[in-house]
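Descriptive structure summary
Listed here are the chains, written in short residue letters.
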Amino acid sequence: QVQLVESGGGLVQPGGSLRLSCAASGSIFSRYTMGWYRQAPGKRELVATVTSGGSANYADSVKGRFTISRDNAKSTVYLQMNSLKPEDTAIYYCSAALGASRFWGQGTQVTVSS
């Protein structure tokens, strides 16, 4: 069992930056593939993943702007978001995956607006 708690969302102007955090508890964090999804009206997108070995993948829409990382000692995964655009506005959800098991946080709102 894994419990996930996201934080770091908020309101930011276009071109600004935010760093999201996802703190995990209840299991061995280092064994899981971690990821970030985002949901906005009419769409749902896998933003980024990072494996237990540290291999990262990104959606084309965020490549070059977002960075996913993990700190196994802190059982935390991060999403650094730079050069934010209005189309990045969404609820961002942290996920953990191991085999067939899937766990989700409650989400954190990111709003990019002038």
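Above: the structure in question.
On a predicted model such as this, the values are computed, not experimentally measured, just so you know.

Within the protein one finds 0 helices and 11 strands. For the protein, the succession of helices and strands along the chain, N to C, is β-β-β-β-β-β-β-β-β-β-β. In summary, the protein has a C-alpha radius of gyration of 13 Å against a globular reference of 13 Å for 114 residues, a match within 12%. Over its C-alpha atoms, taken along the principal directions, the protein stretches across nearly 40 × 25 × 25 Å. With 114 residues in all, the protein has 39% of them scored as buried. Long-range pairs, those at least 24 residues apart, make up 53% of the contacts in the protein between residues at least 6 apart in sequence. Averaged over its 11 positive side-chain charges, the protein has a centre that lies 5 Å from the centre of its 6 negative ones.

Quick look at the packing of aromatic side chains now. Under the criterion given, the structure shown has 2 aromatic pairs. Ring geometry for tyrosine 32 and phenylalanine 103: centres 6.3 Å apart, planes at 70 degrees, overall edge-to-face. Of this pair, tyrosine 32 sits in the loop between strand E3 (18-25) and strand E4 (33-40) while phenylalanine 103 sits in strand E10 (residues 101-104), and the two are 71 residues apart along the sequence. According to the relative accessible area criterion, phenylalanine 103 is buried, its value standing at 16%.

Scoring rules and cut-offs
Residues numbered from 1 in each chain as written. Predicted model: local features only at pLDDT ≥ 70, side-chain atom pairs only at ≥ 80, totals over all residues. Heavy atoms only, no water. Helix = DSSP H or I, 4+ residues; strand = E, 2+ residues; numbered from the N terminus. Rg over C-alpha atoms; globule rule 2.2 N^0.38 Å. Buried < 20%, exposed > 50% of the residue type's maximum accessible area, 1.4 Å probe, protein only. Contact = heavy atoms within 4.5 Å. Lys, Arg positive; Asp, Glu negative; His and termini not counted. Charge placed at Lys NZ, Arg CZ, Asp CG, Glu CD. Phe/Tyr/Trp six-rings, centres within 6.5 Å; stacked < 30°, edge-to-face > 60°.

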